[in-house]
There are 2 protein chains.
Amino acid sequence: MEAVILAAGRGSRLQASSACKPLTPLLGTTLLERNVRLALHAGATRVIIVTGHRHDDIHHWKQRLPLRLRHRVALVHNPKWACTENGYSLAQAAPHLTGDFLLLMADHVYSAELMQTLVACDPDGGAVLAVDRRLGRAGIDPHDATKVRLENGRVKALGKGLQQADAYDTGAFLCSATLIPALASLRETSDTRLSALMQELADQGRLHACDVGDAYWQDVDTSEDLAAARAGLLAGLGKGKAADGPVSRYLNRPCSRWLTRRMADTRLTPNLVSWLVLAVTAVAALLTANASGWPMYLLAGVLIQLASVLDGCDGELARLRMQGSAYGGWLDAILDRYGDAALIAAMTWQALQAGGPSAFWLGIAALAGSFLVSYSAHKSDQVLREGIRIGRDLRMLILALGIALQQPEVALWCLALAMNFTVFMRLLRMRHVL
Amino acid sequence: MEAVILAAGRGSRLQASSACKPLTPLLGTTLLERNVRLALHAGATRVIIVTGHRHDDIHHWKQRLPLRLRHRVALVHNPKWACTENGYSLAQAAPHLTGDFLLLMADHVYSAELMQTLVACDPDGGAVLAVDRRLGRAGIDPHDATKVRLENGRVKALGKGLQQADAYDTGAFLCSATLIPALASLRETSDTRLSALMQELADQGRLHACDVGDAYWQDVDTSEDLAAARAGLLAGLGKGKAADGPVSRYLNRPCSRWLTRRMADTRLTPNLVSWLVLAVTAVAALLTANASGWPMYLLAGVLIQLASVLDGCDGELARLRMQGSAYGGWLDAILDRYGDAALIAAMTWQALQAGGPSAFWLGIAALAGSFLVSYSAHKSDQVLREGIRIGRDLRMLILALGIALQQPEVALWCLALAMNFTVFMRLLRMRHVL
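Residues numbered from 1 in each chain as written. Chains lettered and ligands numbered in written order. Predicted model: local features only at pLDDT ≥ 70, side-chain atom pairs only at ≥ 80, totals over all residues. Heavy atoms only, no water.

Some words on the relation of the copies chain A and chain B
Stage number 1. Once chain A is rotated about the relating axis by 180° and shifted along it by 0.1 Å, it coincides with chain B to within an RMSD of 0.2 Å. Accordingly, the operation relating the two chain copies is best matched by a two-fold axis. Nearest to the rotation axis, the C-alpha of Y375 of chain A is located 3.0 Å from it, this being the minimum over chain A.
Stage number 2. When the interface residues of chain A are mapped onto chain B, 98% of them again lie at the interface, so the same face is used by both copies. (Least-squares fit on C-alpha atoms with pLDDT ≥ 70 in both. Contact = heavy atoms within 4.5 Å.)

Description of helix 13 (residues 326-354) of chain A
Stage number 1. When the terminal C-alpha atoms of helix 13 of chain A are compared, their 43 Å separation across 29 residues agrees well with the 42 Å that a helix rising 1.5 Å per residue should span.
Stage number 2. Of all 29 residues that make up helix 13 of chain A, 22 are buried, and the element is covered over most of its length. (Helix = DSSP H or I, 4+ residues; strand = E, 2+ residues; numbered from the N terminus. Expected span 1.5 Å × (residues − 1). Buried < 20%, exposed > 50% of the residue type's maximum accessible area, 1.4 Å probe, protein only.)

A short note on the packing of helix 14 (residues 359-383) of chain B against helix 16 (residues 408-433) of chain B
Residues and elements named next belong to chain B.
Stage number 1. Closest axis-to-axis distance for the helix 14/helix 16 pair is 8 Å, and the angle between their directions is 30°. The chirality of how helix 14 crosses helix 16 is left-handed.
Stage number 2. Its residues assigned to classes, the contact of helix 14 with helix 16 comprises 15 nonpolar, seven polar and three charged. (Axes fitted to C-alpha atoms, helices over the stretch in contact; angles between N-to-C directions. Left-handed = near helix turned anticlockwise from the far one by under 90°. Nonpolar A, V, L, I, M, F, W, Y, C, P; charged D, E, K, R; others polar.)

Some words on the nonpolar core
Stage number 1. With 112 residues, the main nonpolar core has I304, I334 and F371 of chain A together with I304, F371 and L372 of chain B as its most contacted residues.
Stage number 2. The next biggest cluster of nonpolar side chains, apart from the first, holds 72 residues, and it includes L103, L118, M198 and A215 of chain B. (Core = buried A, V, L, I, M, F, W, Y, C linked by side-chain atoms within 4.5 Å.)

Points about the interface of chain A and chain B
Stage number 1. The interface of chain A with chain B comprises 41 residues on the first partner and 40 residues on the second.
Stage number 2. Across the interface of chain A and chain B, roughly 3700 Å² is buried in total on both sides, 81% from carbon and sulfur atoms.
Stage number 3. The interface formed by chain A and chain B contains zero salt bridges.
Stage number 4. Applying the counting rule to chain A against chain B returns six residue pairs in polar contact (both at pLDDT 80 or more).
Stage number 5. Mapped onto the side of chain A that touches chain B, the elements with two or more residues apiece are helix 10 (270-290), helix 13, helix 14 (359-383) and helix 16 (408-433) of chain A.
Stage number 6. Looking at the side of chain A that touches chain B, its residues break down into 28 nonpolar, eight polar and five charged. (Buried area = accessible area lost by both parts, 1.4 Å probe. Salt bridge = Lys/Arg side-chain N within 4 Å of Asp/Glu carboxyl O. Polar contact = N/O pair within 3.5 Å; in protein donor to acceptor, adjacent residues only side chain to side chain.)

Overview of the packing of aromatic side chains
Stage number 1. Under the definition given, this model contains twelve aromatic pairs over all chains.
Stage number 2. Aromatic side chains Y327 of chain A and W330 of chain A sit 6.1 Å apart centroid to centroid with 45° between the ring planes, which places their arrangement in the tilted category. Of this pair, Y327 of chain A and W330 of chain A both sit in helix 13, three residues apart, roughly one helical turn.
Stage number 3. Note on W330 of chain A: relative accessible area 7%, which makes it buried.
Stage number 4. An aromatic cluster is defined as three or more aromatic residues linked by ring pairs; in this entry it consists of W349, F360 and W361 of chain A together with W349, F360 and W361 of chain B.
Stage number 5. A cation over an aromatic ring shows up here: R262 of chain A above the ring of W258 of chain A, its NZ or CZ 4.4 Å from the ring centre. (Phe/Tyr/Trp six-rings, centres within 6.5 Å; stacked < 30°, edge-to-face > 60°. Lys NZ or Arg CZ within 6 Å of the ring centre and 35° of its normal.)

Describing the domain arrangement of chain A
Residues and elements named next belong to chain A.
Stage number 1. Under the domain assignment, chain A is made up of domain 1 (2-235) and domain 2 (240-430).
Stage number 2. Look at where the C-alpha atoms of domain 1 and domain 2 centre, and you get two points 41 Å apart.
Stage number 3. The junction of domain 1 with domain 2 conceals about 1000 Å² of combined surface from both sides, 55% of it contributed by carbon and sulfur atoms.
Stage number 4. Interface area lost by domain 1 to domain 2 is led by L27, R37 and L234, which between them contribute 45%.
Stage number 5. One can count one salt bridge joining domain 1 with domain 2.
Stage number 6. A salt bridge links D265 to R230, with the nearest nitrogen and oxygen atoms 2.4 Å apart.
Stage number 7. Linking domain 1 to domain 2 there are four residue pairs in polar contact (both at pLDDT 80 or more).
Stage number 8. Those elements giving two or more residues to the side of domain 1 that touches domain 2 turn out to be helix 1 (31-41) and helix 8 (223-236).
Stage number 9. Classifying every residue of the side of domain 1 that touches domain 2 by side-chain character gives five nonpolar, three polar and four charged. (Domains from an automatic or database assignment.)

Focus: unusual backbone geometry
Residue and element names in this part refer to chain A.
Stage number 1. Here the phi dihedral of L27 falls at roughly 50°; this positive angle occurs in a residue that is not glycine.
Stage number 2. One non-glycine residue with positive phi stands out, namely R54, at about 55°.
Stage number 3. Mapped onto the secondary structure, R54 falls in the loop between strand 4 (47-51) and helix 2 (55-63).
Stage number 4. Look at R54 and you get partly exposed, because its relative accessible area is 38%.

Describing the pairing of strand 6 (residues 101-105) of chain B
All names here are of chain B.
Stage number 1. The buried fraction of strand 6 is high, at five of five residues.
Stage number 2. Alternating residues of strand 6 divide into F101, L103 and M105 and L102 and L104, and every residue in both groups is buried.
Stage number 3. Pairing between strand 6 and strand 11 (residues 167-175): four bridges, direction antiparallel. Of the residues in strand 11, the one forming a bridge with L103 is F173. (Pairing = 2+ DSSP bridges.)

So, the pattern of salt bridges
Stage number 1. Applying the stated criterion across every chain yields a total of 34 salt bridges over all chains.
Stage number 2. For D107 of chain B, the salt bridge goes to K21 of chain B, with nearest N and O atoms at 2.8 Å. Here D107 of chain B, found in the loop between strand 6 and strand 7 (108-110), pairs with K21 of chain B, found in the loop between strand 1 (2-7) and strand 2 (25-26); they are 86 residues apart in sequence, far enough to count as distant.
Stage number 3. For K21 of chain B, a relative accessible area of 8% gives the class buried.
Stage number 4. Three or more residues are tied together by salt bridges with common partners; here these are D311, D336, R337, D340, R392 and R395 of chain A.

With respect to the packing of helix 11 (residues 294-310) of chain B against helix 15 (residues 392-404) of chain B
Residues and elements named next belong to chain B.
Stage number 1. Packing of helix 11 against helix 15 brings their axes to within 7 Å, and their N-to-C directions diverge by 170°. Here helix 15 runs roughly antiparallel to helix 11, going by the angle between their axes. Touching Y297, L298, A300, G301, I304, Q305, A307 and S308 of helix 11 are D393, M396, L397, L399, A400, I403 and A404, all from helix 15.
Stage number 2. Its residues placed into classes, the contact of helix 11 with helix 15 shows eleven nonpolar, three polar and one charged. (Parallel < 35°, antiparallel > 145°, perpendicular 65-115°, else oblique.)

Right, dumping it as structure tokens:
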């Protein structure tokens, strides 16, 4: 699957926010970059951006992309952007396409869920349009939006002035490769509006509709739309991850989301946040090892919990901006393990001062168990469903409470028993399923 | 792909070794079980065994198979086994087949390499016969063996009495599903020899040849053949693994192969050997932690190195008997990590007695680094090629020398620096490739 992003228009109503509409800043990235990452995340192998107005700005933006993205982005210029419509821009991309393709608008914001729903559809020799049945939804101007009339899962008619509409056009299409020849031969003298091309397809019964349910999207024409898009994406953070444990769900996530919203517009990248988490964890470990007197114990506990909260922000930021990457997830996992080692070692050091040398072996058991739970999860998570799961959120809370309440040995006992028991159960259960 | 194993014949020449030829013991398993595992390992989803002579013995053997294997094995009885040939046995399996299938002989021993070469071929609407061009090879009786004449990659003729032969018939076929209807309608009154059926296919130009190169196989008819098969498979152990480091290749592997040969005929399973390695490692760790005086130090070092050598045996035994499994590899990795933790902790304990408390942090760094090298390898091994690799073999040698020479702190420094540096380099390099 390839992708085309139409980014040739002037976008005059947003010129107060940005001279080049596709490069309008949004949550630490730009409208265009967000859609490029979204398309790649949805499975596109290559993204063709059709430029027009301010082509040079977009060219410079492309040159500054990380190599991993830049290699997959191609710019195609529509030289007649000023006197043609968006269908003609799409026609410029057609000669470069080789198969089915996603078609997105640079000035639309889409959620990852919307994209996921759309790419699961079958264009069936025509095209699929993602439609939103929530007519009258907040944030969408019903007069300015393109509306569609549906019949038996197909689009019958679409347009801004449509009477008796069933849904909004979200501006996201999945098109079959069979459309390419007709697009490539589009004349500038014909009706070059994309909606006209799509109406033609609809007349042939080849434009299917894909209901996006309550997935978020926003057409961004004005600075009010931009503010609405920002708010809508930030609200999407609330969904959390299905894998979250109870500590994460009820304690950490609300706090980390609050922090992520504060970070969203900054230049902090998810990977930088992962390193920041390790730094905070290291300070917490130093304090834990050297603490004496209840204020320091309490502070160490608070810092550990803060690191645990902050540990949610890298992933949230990545999902919010579509900046997630295989490297990011891997880096986070490795740095988290170093953090685990530092904290458990610090706790063991405390226990060694307070109790006897036997705390050394207890600490090693806790450390090995914690590591092995993460190490064995690579494989066991693929095949086992575990009822109760002692994740990092709970481990960190045990450590935070252990030091705050001056009970390092109790915390180490909890970890050593729970973690090694988890590994032992996995060894037993995997025997039957692997 | 499915598989058929012909196991109906009497095998009178081997009756001194075993009443039921397919169940003749070989290297801690049986001829038949080895071929079942081999077929599954090569990608077969199901194995149909055609029985005849001593059907009940094979039925009982099947009931005692591990569930994971038993679910994939079906027995089909050839009631006329005494008065028909092996082609008629194959015909009994035909109604149960649904696609392309491997065809193996219960009384042949094949190497995994041979199977791999064969399943990579395309039966192209007919069949592929694995052939061995090493005429006069030791272990094969040239008068008793089935020979083939080749022309342009196809078999022209096959038979025991063939003049002007080009290669041996190894008794392993990959057959196309198109052969099934003809097989199912085979009459017992016609020539029911498999070689006659294959000759017919050859006459139609539909029997292709697949040269197995120097891959091992053996037709087992006599107790001399059985001894030759045992020796041939044990010799195959010598190949080692491409991923072996220098310590493994020149020091550990020769010793572990010697041990594996000793274990081969016992009932020790690879998984049991993995647990045994952990037990020896635990004893070595106990000794390391409590050693005083050079004889104990030396003994601890020798035990660590012994555990390292033994660590190669589980995999060797699994490859030798085709007993490898996803669970086995996973179990081994997890138990190895516990072993690492025990040894590094013991070394740290020694260093704590000898030096000051700062050895604690050094030990934690060595432990975390060692864990993280294994933890990060899950992903980095898939995409990175590392020039020098400090594997477990080298880590164990450093620990063994460290305790034997009474230099625990030096060993910990080596590990802490080398392991964490390896992780650091991976973090840098993966950024560009992930």
